[in-house]
Amino acid sequence: MRIAFSKPTLPEKGAVILLASEDKSAPKLTALGRSLDKSVGGSVARALAASRFKGRKGQSLIILAPGRKDISRVVVVGLGKAGEVTDLIAERAGGVAYAELGKSDDSRAVVLVEAPRHCKLGASDLAAHFALGARLRSYRFDKYRTKEKKEDKPKLVRIDVQVAEPAPARRLFAGLDAVADGVFHTRELVSEPANVLYPQTLAQEARKLSRLDVRVEVLDENKMKALGFGALLGVGQGSAHPPRLVVMRWNGGPRRGKGAQPVAFVGKGVTFDSGGISIKPSRGMEDMKWDMGGAGVVIGLMRALAGRSARVNVVGIVGLVENMPSATAQRPGDIVKSYSGQTIEVLNTDAEGRLVLADALWYCQKRFKPKFMVDLATLTGAIIVTLGAHHAGLFSNDDELAARLTDAGLAVGEKLWRLPLDAAYDKMIDSKAADVQNISSGGGAGSITAAQFLQRFVNKVPWAHLDIAGVTWSTKGSDTAAPGGTGFGVRLLDRLVADHYESR
Ligand code: BES
Ligand code: MN
Ligand code: ZN
């Protein structure tokens, strides 16, 4: 879908979107909305009066063929109370409008954007974030639905955002649009099935980022053997698809001095997690195609940052393996030697993500000496028990980094909730036979002990771990995302970088 910005002209045809705020329990149109209403003989005001629409955020009202035959429909979307409108509310309105129009036969729509009185958000922000919300809602993974009828697919291909000053809105949107490209990339990767996307093909996908001047290096099995990645390689050894480690670098920051030190993001990329010999039950196992969600976010984030030419040096690392049971698979009880030199007793082959990250994290800090590392992983079912789908779990050895991540999450609507790290939990993964074991032997706290395991491989670098198992996939969807892969994490980390780590 294309988005274009222009000055307001009263639309004569097609679909029109109007914004309304909530005012003393009655909806209130903007001045532009009122002139449009006048041009259609007051049918919008009459429809508003006859409906239960209050202008609340997330609400919408559709008025078909309002008094003039060339205007097919008017979609009124609510912003809530004028004084409380935020970026996120504007995005929600865009998403709701797209969802309504996607069900119609209109291929084009015009939205008249004007900040309501007392609104703290300027018209440019309102316009750009409305457009972002609409764009985010438009993503659909339908490439394998070959028999879907054309008339059942959304037809909307263009939204004209009309606003008094189009130039600043257009400028603002350009950056947001690059981030949306990153989100779509992530959604696409998590949606692809595991017969299509496995370590080699996912590495190829990452290589394509070189078109955006991202430097991409792929470490194959031999290279990782030579380096001594015993933890990551152990997970992959049961699969017909050999593992890969991809290093992506975007150098948009200073070449030397203090600002040159990179920030780093590390993703779990288990392209399918059968559990291995500690095999998972068959019910729901298909979900484990998105066990590369952390890697998907890192790739989408690199795309977003490169796409908007972020002034920062970034390293993105993804560890790619398929976890399968076979005659060559790792067994429960095996002891492997990680790249850090620490030995690991693998008590459960289904606790594989932490093994992959152990080597990826150690490699990241050793080679790049980053300012900080943030890893993302669909790491534990336990985080879904704890937080459900409304927060991702946050663990960190650094209070400032944790606070910055939490704030960035609130700003973009990708919420994090911090959980503890503590020596008492760390003790739960001491092994009798090796330096550490990959699961605790009872005692609960599954997400925390997983994080403690990772912490043993960060070598005291400022670090945060995001357990995204509950937020990577949504069967329900939201106002700004159709059901499926969410892309959770791309906007959050883009915001973290934009707010704190870009040079001016
Ligand atoms: N990939 C899973 C975690 C997961 C579960 C993600 C459900 C998304 C939805 C992870 O590799 C795993 O299997 N974890 C085990 C750990 C256990 C063996 C200690 C789990 O959570 O059951
Ligand atoms: Mn597993
Ligand atoms: Zn897994």
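Check the entry above for the structure.
Residues numbered from 1 in each chain as written. Chains lettered and ligands numbered in written order. Predicted model: local features only at pLDDT ≥ 70, side-chain atom pairs only at ≥ 80, totals over all residues. Heavy atoms only, no water.

## Some points on the nonpolar core
Put simply, the rule reads: Buried Ala, Val, Leu, Ile, Met, Phe, Trp, Tyr and Cys residues that are joined via side-chain atoms within 4.5 Å together make up what is termed a nonpolar core. Partly exposed residues are those whose accessible area sits between 20% and 50% of the maximum for their type, while under 20% is buried and over 50% is exposed, using a 1.4 Å probe and protein chains only. Residues count as neighbours in contact if any of their non-hydrogen atoms are within 4.5 Å of one another.
Formed by 93 residues in total, the largest nonpolar core has its most connected members in Met248, Phe265 and Leu493. Apart from residues no more than four positions distant in its own chain, Met248 is found in contact with Ala206, Leu209, Val214, Arg215, Val216, Val298, Ile299, Met302, Val314, Val315, Gly316 and Val318.

## A word on the packing of helix 10 (residues 353-368) against helix 14 (residues 446-455)
The test is simple: For every element, the axis is a line fit to its C-alpha atoms; helices are fit only across the contacting stretch, and the angle between N-to-C directions ranges from 0 to 180 degrees. Under the DSSP-based scheme used, a helix requires at least four consecutive residues in state H or I and a strand at least two consecutive residues in state E, with every element numbered from the N terminus. The scheme is simple: roughly parallel for angles under 35 degrees, roughly antiparallel for over 145, roughly perpendicular for 65 to 115, oblique for anything else. If you view the pair so one helix is near and one far, a crossing is left-handed when the near helix is turned anticlockwise from the far one by less than a right angle, and right-handed when it is turned clockwise. In the scheme used here, Gly and all other residues not listed as nonpolar or charged are polar, with Ala, Val, Leu, Ile, Met, Phe, Trp, Tyr, Cys and Pro taken as nonpolar and Asp, Glu, Lys and Arg as charged.
Look at helix 10 against helix 14: their axes get within 9 Å of each other, and the N-to-C directions meet at 30°. Classified by the angle between their axes, helix 10 and helix 14 sit roughly parallel to one another. Judged by the sense of rotation from one axis to the other, the crossing of helix 10 with helix 14 is right-handed. Residues Arg354, Leu355, Leu357, Ala358 and Leu361 of helix 10 pack against Ala450, Phe453 and Leu454 of helix 14. A class-by-class count of the residues in the contact of helix 10 with helix 14 yields 7 nonpolar, no polar and 1 charged.

## Some thoughts on the coordination of the zinc ion (ligand 3)
Defined as follows: Because no water is among the atoms considered, metal sites can look incomplete, with donors defined as N, O and S atoms within 2.8 Å of the metal, or 3.2 Å for Na, K and Ca. Angular criteria define each label, namely tetrahedral for four donors with all angles between 85 and 135 degrees, square planar for four and octahedral for six donors with opposite donors over 155 degrees apart and remaining angles between 65 and 115, and irregular for whatever fails these tests.
Here the zinc ion (ligand 3) is held by the protein donor atoms Lys268 (NZ), Asp273 (OD), Asp291 (OD) and Glu352 (OE), which lie 2.0 to 2.4 Å from it. Here the zinc ion (ligand 3) binds 6 donor atoms, and the angle range of 77 to 174° at the metal identifies the geometry as octahedral. Donor residues for the zinc ion (ligand 3) sit on one chain with the sequence pattern K-x4-D-x17-D-x60-E. Between the zinc ion (ligand 3) and the manganese ion (ligand 2) the interatomic distance comes to 3.2 Å, and Asp273 is a ligand of both metals. Of this pair, Asp273 sits in strand 10 (residues 263-273) while Glu352 sits in the loop between strand 13 (343-346) and helix 10, and the two are 79 residues apart along the sequence. For the pair shown, Asp273 and Glu352 are each scored as buried.

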